[in-house]
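# Tertiary structure, described
Residue-level listing of the chains:
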Amino acid sequence: MHVPRFEKIWIGLGLATMAAFFITLVTLAVASGLNPPSTDGMTIDPTKVSQTPPFDKPGLHQSGPHTYEAYYVGQIFQWNPQQITVPAGSTVKFFVTSVDVVHGFSIPDADVNVEVMPGWVSEVDHTFKEPGNYLIVCNQYCGAGHAGMFASVKVTP
Ligand code: CUA
């Protein structure tokens, strides 16, 4: 097959540009230790979540007078724990991971919205000033039961 000389040059330039972009991207990602948003780079073996503390016992832990840490495990199609209860004025730091696919950990009535990826621990914190029942939903389509994947934070006066 005959390819005209100019066409060869342009194909070559196109491929060289793609290669240059690809190499730049990979180099920068590795050099800057890129990790998914909302994580401090904390990783976990997604096949051993149930044996890995503190995710072996998902739930709420008090870390100070008004501060809590909440460890959540996402899996199709539920959040564990189902419900946590804290008094109004509490700051809760959420640590969330997944054992299977990508989920979205979202509390629409609070500024909480993180992507949850297997292998990574996503972090977000929020201070619950008003009492009420805050719904936690999954906002990343994860399969047939996606719409039923919810939990809640109960904030008492
Ligand atoms: Cu989990 Cu959608």
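Computed from a prediction, not measured in an experiment: that's the story for all the values here.

What follows is about the side chain of S90. By the secondary structure assignment, S90 is in strand β5 (residues 90–98). Within the structure, S90 has its side chain in polar contact with the backbone oxygen of P87 (distance 2.5 Å). The residues touching S90, leaving out its near neighbours within four places in the chain, are H66, Y68, H126, T127 and F128.

On to the environment of D40. Along the chain, D40 falls in the loop between α1 (5–31) and β1 (59–62). The exposure class of D40 is exposed, given its relative accessible area of 64%. Along the backbone, D40 and K154 are 114 residues apart, and their C-alpha atoms lie at a distance of 27 Å. Not counting residues up to four positions away in its chain, the partners in contact with D40 are N35 and E123.

By the bridge criterion, 4 bridges tie β1 to strand β2 (residues 67–75) in an arrangement that is antiparallel. Opposite L60, over in β2, you have A70 as the bridge partner. Between the end of β1 and the start of β2, which pair antiparallel, lie 4 residues.

Alternating residues of strand β7 (residues 112–116) divide into V112, V114 and V116, all buried, and N113 and E115, none buried. In terms of strand pairing, strand β6 (residues 103–107) meets β7 through 5 bridges, oriented antiparallel. Within β7, the residue paired with I107 across the bridge is V112. Hairpin connection between β6 and β7: a loop of 4 residues separates the two successive antiparallel strands.

Criteria and thresholds
- Residues numbered from 1 in each chain as written.
- Predicted model: local features only at pLDDT ≥ 70, side-chain atom pairs only at ≥ 80, totals over all residues.
- Heavy atoms only, no water.
- Helix = DSSP H or I, 4+ residues; strand = E, 2+ residues; numbered from the N terminus.
- Polar contact = N/O pair within 3.5 Å; in protein donor to acceptor, adjacent residues only side chain to side chain.
- Contact = heavy atoms within 4.5 Å.
- Buried < 20%, exposed > 50% of the residue type's maximum accessible area, 1.4 Å probe, protein only.
- Pairing = 2+ DSSP bridges.

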